[in-house]
Amino acid sequence: QVQLVESGGGLVQPGGSLRLSCAASGNIFSIDTMGWYRQAPGKERELVAVVTSGGIPDYADSVKGRFTISRDNAKNTVYLQINNLKPEDTAVYYCNVRRGSHYYYWGQGTQVTVSS
């Protein structure tokens, strides 16, 4: 069992920045891929970014060039640096972790609101 706790969300003006964090605890042995999803009201949850255990990232087209995903394996933590925020980025952001290539875990989500 793995527990995930996200933090760093908040209310930001367009063009602003946020840094989201997700710390994993519990059975953290063999944690593999770590990533972020988001879900806006009335919309489906979508993949934002993912990073492999070796630090190789991949991004959704909508966030390329603005978002940066990274991880600290010693701390079992994944980060999402969000720059040049747009109103369409408003959503609940969820951390996702894969362990042992077979088990997936979700955090409780952190709200990101972009508004003037």
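Placed above this text is the structure.
Calculation criteria
- Residues numbered from 1 in each chain as written.
- Predicted model: local features only at pLDDT ≥ 70, side-chain atom pairs only at ≥ 80, totals over all residues.
- Heavy atoms only, no water.
- Disulfide = S-S within 2.5 Å.
- Helix = DSSP H or I, 4+ residues; strand = E, 2+ residues; numbered from the N terminus.
- Buried < 20%, exposed > 50% of the residue type's maximum accessible area, 1.4 Å probe, protein only.
- Salt bridge = Lys/Arg side-chain N within 4 Å of Asp/Glu carboxyl O.
- Core = buried A, V, L, I, M, F, W, Y, C linked by side-chain atoms within 4.5 Å.
- Contact = heavy atoms within 4.5 Å.
- Phe/Tyr/Trp six-rings, centres within 6.5 Å; stacked < 30°, edge-to-face > 60°.
- Lys NZ or Arg CZ within 6 Å of the ring centre and 35° of its normal.
- Pairing = 2+ DSSP bridges.
- Axes fitted to C-alpha atoms, helices over the stretch in contact; angles between N-to-C directions.

K.L.:
Which residues make up the state of the cysteines, and what values do they have?
P.N.:
If you walk through the whole model with that rule in mind, you get one disulfide. Across the disulfide from Cys22 sits Cys95; the S-S distance is 2.1 Å. A torsion of -85° about the S-S bond marks the disulfide between Cys22 and Cys95 as left-handed. Linking Cys22 in strand E3 (residues 18-26) with Cys95 in strand E9 (residues 91-99), this pair joins segments that are 73 residues apart in sequence. Judged by its relative accessible area of 0%, Cys22 falls in the buried class.

K.L.:
Tell me about the pattern of salt bridges, residues and numbers included.
P.N.:
This model, assessed by the stated rule, comprises five salt bridges. Of the charged contacts, one joins Arg38 and Asp89 as a salt bridge, the two residues approaching to 3.0 Å between their closest N and O atoms. Residue Arg38 is located in strand E4 (residues 31-39), and its partner Asp89 is located in the loop between strand E8 (77-82) and E9; the two are separated by 51 residues in the primary sequence. Accessibility assignment for this pair places Arg38 and Asp89 in one class, buried. Asp61 is the partner of Lys64 in a salt bridge, and the nearest nitrogen-oxygen pair spans 3.2 Å. What you see here is one network of salt bridges that share partners, running through Arg38, Glu46, Arg66 and Asp89.

K.L.:
Account for the nonpolar core, naming residues and giving values.
P.N.:
Counting residues in each nonpolar core, the largest one holds 29 residues, and the members touching the most others are Leu4, Trp36, Val48, Val78, Leu80 and Tyr93. Elements that contribute at least two residues to this core include exactly strand E1 (2-7), E3, E4, strand E5 (46-51), strand E7 (67-72), E8, E9 and strand E11 (110-114). The residues touching Val78, leaving out its near neighbours within four places in the chain, are Leu20, Ser21, Cys22, Met34, Trp36, Val51, Ile69, Ser70, Arg71 and Cys95.

K.L.:
Summarise the environment of Leu85; cite the residues concerned and give the values.
P.N.:
Relative to the assigned elements, Leu85 resides in the loop between E8 and E9. With relative accessibility at 1%, the residue Leu85 sits in the buried group. Taking the C-alpha atoms as reference points, Leu85 and Pro14, separated by 71 residues in sequence, lie 5.2 Å from one another. Aside from chain neighbours lying at most four places away, what touches Leu85 is Val12, Pro14, Gly15, Gly16, Ser17, Leu18, Arg66, Val112 and Val114.

K.L.:
Outline the packing of aromatic side chains, listing residues and values.
P.N.:
Scanning all chains against the criterion turns up one aromatic pair. Between Tyr37 and Trp106 the ring centres are 5.0 Å apart and the planes differ by 65°, which places this aromatic pair in the edge-to-face class. A residue pair is termed long-range when its members are at least 10 positions apart, and Tyr37 in strand E4 and Trp106 in strand E10 (residues 103-106) qualify at 69 residues. We classify Trp106 as partly exposed; its relative accessible area is 40%. Lying over the aromatic face of Trp106, Arg45 brings its terminal NZ or CZ to 4.8 Å of the ring centre.

K.L.:
Would you mind going over the sheet that holds E1 in detail, with residue names and values included?
P.N.:
Pairing is antiparallel in the open sheet, where four strands are placed in the order E1-E3-E8-E7. With one partner strand each, in any of the chains shown, E1 and E7 form the two edges of the open sheet. Put simply, the sheet's adjacent strands are angled 15° from each other on average, direction ignored.

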